[in-house]
Amino acid sequence: MRMADLLNRKKAGKALTDAEIAYFVSGFTAGDIPDYQASALLMAICLRGMTDQETAALTDCMARSGDLLTLSSLHGPTVDKHSTGGVGDKTTLIVAPLAAACGLQVAKMSGRGLGHTGGTIDKLESIPGFRTALSTDAFLRQVERIGVAVTGQTGNLAPADKALYALRDATETVDSVALIAASVMSKKLAAGAAHIVLDVKCGSGAFMETQADARRLAQLMVEIGKRCGRKMAALVTDMDAPLGTHIGNALEVREAMEILQGRGDRALRDLSLALTAQLLQLGFGVSAEKARETAAQKLSCGAAFEKFLELVAAQGGSAQALESGTALPKAKCSRDVFAKQDGCLAAMQTRAVGECAQILGAGRAKKGDAIDPAAGLILHKKPWDFCRRGEPLATLYAADEAKLDAGEARFFAALTFRQDAPQNTRPLVLETIC
Ligand code: URA
């Protein structure tokens, strides 16, 4: 087989065979196919697309390029969830202990944030002592013991994806639905869970801006998972505003704990329950109604919060200090920012709010940057709220005043006010795909 033939076929819009895709992935991972040829193929895929069969074959090869986790030693349905990422999305911190409290086995491998806010691992690392680099053995033993563990991805999970993603990042070939689907699903398949629920975001702060694109990505990932023998469902959810009210690593842990204690933002609670209910439907084969009822009951009775504290303690954090509010880091400086006029907050550009969080110190400008676990913001007003002049819109947290100045400017650039008060009729969960 020759790479030139693959490039010509894809350039002409033809489908590659399973064998050709296997040749490409193994050759590239082994270093036999140079970056310039791989980049050319990625660009041709971006422009010409791939069939579902090609995408499934690419996913399968990337998943098999490194370690494949076997979860067969666990007693009970194994589940995983994945979000395509959004500002303020801390649902994993809620869903993982909630699903475990419902009897599911949650062996969760998560990542760090690549963009403006931290990932699940960054958020958990804001809890002093919390270990996020468990060995595979310790990870599995913990799930066996308490039903849940959250760890960073091992270095050898889908290494082909890691290498290809770096190339895509450098060659403007990230935004292909097929390549995104293969990238996400290769890691999910390698992580081993039998039941997978995806949260595909759309809107101003998401990879997919339109609902149609998000639906296409969700359908493709569900199809790939099914072809590879997993039970799958996906929710397409709105990201036209940040999720919940807290953005920033320790702040998001705080908000997740509020939800687990039966308080907090309604939309965040509802989405966490919806995702958990999907996991329960897949894992136990129960009806949607029964699944929702079980999830809501385990949340309201405190079992999910207990499970969260158990998870924290199992991974080295102090559950007691966390519960008493003394564990999480606090920012040196904070500032309330106020409405400059009366009006309805008609829009809050999610991406700009994410950039504000990054400027404050909560996210990375580039890979490897340090993040400030205490930095971020708490929103006091959300889209469609009416604000009076002088009312607090948000509180910003950072290590110094200069960051607060820059963050404040970015925050105001995210807001649009109107004098009338239009109704928001768009639900948070836009579609369910299974
Ligand atoms: N997240 C991933 O893991 N891969 C992509 O290609 C895009 C987002």
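What counts, and at which threshold
- Residues numbered from 1 in each chain as written.
- Predicted model: local features only at pLDDT ≥ 70, side-chain atom pairs only at ≥ 80, totals over all residues.
- Heavy atoms only, no water.
- Pairing = 2+ DSSP bridges.
- Helix = DSSP H or I, 4+ residues; strand = E, 2+ residues; numbered from the N terminus.
- Axes fitted to C-alpha atoms, helices over the stretch in contact; angles between N-to-C directions.
- UniProt positions renumbered as here; feature names shortened; annotations may be inferred.
- Buried < 20%, exposed > 50% of the residue type's maximum accessible area, 1.4 Å probe, protein only.
- Polar contact = N/O pair within 3.5 Å; in protein donor to acceptor, adjacent residues only side chain to side chain.
- Contact = heavy atoms within 4.5 Å.
- Phe/Tyr/Trp six-rings, centres within 6.5 Å; stacked < 30°, edge-to-face > 60°.
- Arc of directions from axis to C-beta.
- Disulfide = S-S within 2.5 Å.
- 1 Å grid on protein atoms, 1.4 Å probe; cavity = no way out; pocket = protein on both sides within 12 Å on 5 of 7 lines; lining within 4 Å.
- Points joined across faces, edges and corners; volume = space filled by probe spheres on them.
- Nonpolar A, V, L, I, M, F, W, Y, C, P; charged D, E, K, R; others polar.
- Near = heavy atom within 4 Å.
- Parallel < 35°, antiparallel > 145°, perpendicular 65-115°, else oblique.
- Core = buried A, V, L, I, M, F, W, Y, C linked by side-chain atoms within 4.5 Å.
- Lys, Arg positive; Asp, Glu negative; His and termini not counted.
- Salt bridge = Lys/Arg side-chain N within 4 Å of Asp/Glu carboxyl O.

**Q** So what exactly am I meant to see when it comes to the sheet that holds strand β1 (residues 78-83) here?
**A** Strand pairs in the sheet, formed through backbone hydrogen bonds, run parallel or antiparallel to each other. The sheet built from six strands is open, its strands ordered β3-β2-β1-β4-β5-β13 with mixed pairing. Looking at strand neighbours, the two that pair on one side only are β3 (148-152) and β13 (429-433), the edges of this open sheet. For this sheet, the mean inter-axis angle between neighbouring strands, taken without regard to orientation, is 20°. Taken together, the two bridges between β1 and strand β2 (residues 105-110) define a ladder with parallel strand orientation. Opposite T78, over in β2, you have Q105 as the bridge partner.

**Q** Help me understand the UniProt feature "domain: Pyrimidine nucleoside phosphorylase C-terminal" (unreviewed entry) in the protein chain, please; the structure alone is not making it clear to me.
**A** Taking the numbering used here, the UniProt-annotated feature "domain: Pyrimidine nucleoside phosphorylase C-terminal" (unreviewed entry) corresponds to residues 344-418. With 32% helix and 29% strand, the stretch residues 344-418 has end C-alpha atoms that lie 5 Å from each other.

**Q** Help me understand the side chain of E20 in this model?
**A** Mapped onto the elements of the fold, E20 is located in helix α2 (residues 18-30). Exposure remark for E20: the relative accessible area of 10% places this residue in the buried category. At a separation of 3.3 Å, a polar atom in the side chain of E20 contacts the side chain of R9. Not counting residues up to four positions away in its chain, the partners in contact with E20 are M1, L6, R9 and A15.

**Q** In this structure, what is going on with the packing of aromatic side chains? I would like to understand it.
**A** Here the distance between the centres and the angle between the planes together describe a pair of aromatic rings. Applying the stated rule across the entire model yields two aromatic pairs. Between F24 and F28, the ring centres sit 6.1 Å apart and the planes meet at 20°, which makes this aromatic pair stacked. Highlighted residues: F24 and F28, both in helix α2, separated by four residues, approximately one helical turn. By relative accessible area, which is 9% here, F28 ends up buried. Ring geometry for F411 and F412: centres 5.9 Å apart, planes at 70°, overall edge-to-face. Judged by its relative accessible area of 1%, F411 falls in the buried class.

**Q** Looking at this model, I keep getting lost on helix α7 (residues 136-146). Mind explaining?
**A** It helps to recall that an α-helix has 3.6 residues per turn; residues three or four apart then point in one direction. Buried residues of α7: F139, L140, Q142, V143 and I146, and no others. When α7 is viewed along its axis, its buried side chains cluster within an angular range of 160° and face the same direction. α7 presents D137, R141 and R145 as exposed residues on the side facing more than 90 degrees away from its buried surface. Turning to α7, the residues buried within the fold contact α5 (91-101), β2, β3 and α14 (303-314). Backbone geometry just after α7 places G147 at a positive phi near 85°.

**Q** Even after reading the chapter, I still don't get the state of the cysteines, so can you show me in this structure?
**A** Two cysteines whose sulfur atoms are joined by a covalent bond form what is called a disulfide. For the structure shown, the criterion picks out zero disulfides. Free cysteine C102: the closest other cysteine sulfur is in C301, separated by 8.8 Å. The thiol sulfur of C387 is not disulfide-bonded, and the nearest other cysteine sulfur, from C344, lies at 7.5 Å.

**Q** Quick question: what am I supposed to make of the layout of surface pockets here?
**A** Empty space among the atoms can be located by rolling a probe the size of a water molecule over them. In this structure, the second largest pocket occupies an estimated 450 Å³ of space. Contributing to the lining of the second largest pocket are 21 residues, with D238, A241, P383, W384 and N424 lying nearest its centre. Here the lining of the second largest pocket gets three residues from one element, more than from any other, and that element is strand β8 (residues 343-348). The residue inventory of the lining of the second largest pocket, partitioned by class, reads twelve nonpolar, four polar and five charged.

**Q** I keep staring at the pairing of β3 and nothing clicks. Help me out?
**A** Regular strands have side chains that alternate between both faces of the sheet. Within β3, five of the five residues are buried, which leaves it mostly tucked inside the rest of the structure. What you see with β3 is no split at all: V148, V150 and G152 on one side and A149 and T151 on the other are buried throughout. As paired elements, β2 and β3 share five bridges and run parallel to each other. Opposite M109, over in β3, you have T151 as the bridge partner.

**Q** Honestly, the site of the ligand in this entry has me stumped. Any pointers?
**A** The environment of the ligand is formed by Y165, R168, I180, S183, V184, K187 and F207. The separation between a nitrogen atom of the ligand and a polar side-chain atom of S183 is 2.6 Å. Between the ligand and K187, the relevant distance is 2.5 Å, taken from an oxygen atom to a side-chain nitrogen or oxygen of the residue. Those elements that place two or more of their residues in the shell around the ligand are α8 (159-170) and α9 (177-191). At four residues, the largest contribution of residues to the shell around the ligand is made by α9. The residue inventory of the shell around the ligand, partitioned by class, reads four nonpolar, one polar and two charged.

**Q** Sorry, what's going on with the packing of helix α3 (residues 35-48) against α8 here?
**A** For any two helices packed against each other, the geometry is given by the interaxial angle and the distance between the axes. The contact between α3 and α8 brings their axes to 10 Å, and the two run at 75°. Relative to α8, the element α3 lies roughly perpendicular. Contacts between α3 and α8 involve D35, A38, S39 and L42 from the former and L164, L167 and R168 from the latter. In terms of residue class, the contact of α3 with α8 is made up of four nonpolar, one polar and two charged.

**Q** Explain the nonpolar core here, please?
**A** Most often, soluble globular proteins have nonpolar side chains that are buried together. Counting 52 residues, the largest nonpolar core has I127, F308 and L322 as its most contacted members. Among the elements that line this core, the one with the most residues is helix α12 (residues 266-284), at eight residues. Not counting the four nearest positions on each side in its chain, F308 is found in contact with L93, P97, I127, V253, M257, L260 and L322. Core analysis: the second largest hydrophobic core is formed by 27 residues, M348, L360, L377 and F411 among them.

**Q** What am I meant to see in the side chain of R230 here?
**A** If you trace the backbone, R230 turns up in the loop between α10 (211-227) and β5 (231-238). With no salt bridge to any partner, buried R230 finds its closest opposite charge in D60, at an N-O distance of 7.3 Å. Of note is the side chain of R230, whose polar atom sits 3.3 Å from the backbone oxygen of L189. Here A193 takes part through its backbone oxygen, which lies 3.0 Å from a polar atom of the side chain of R230. Each residue touching R230, except ones within four places of it in the same chain, is listed here: K188, L189, G192, A193, A194, I196 and G225.

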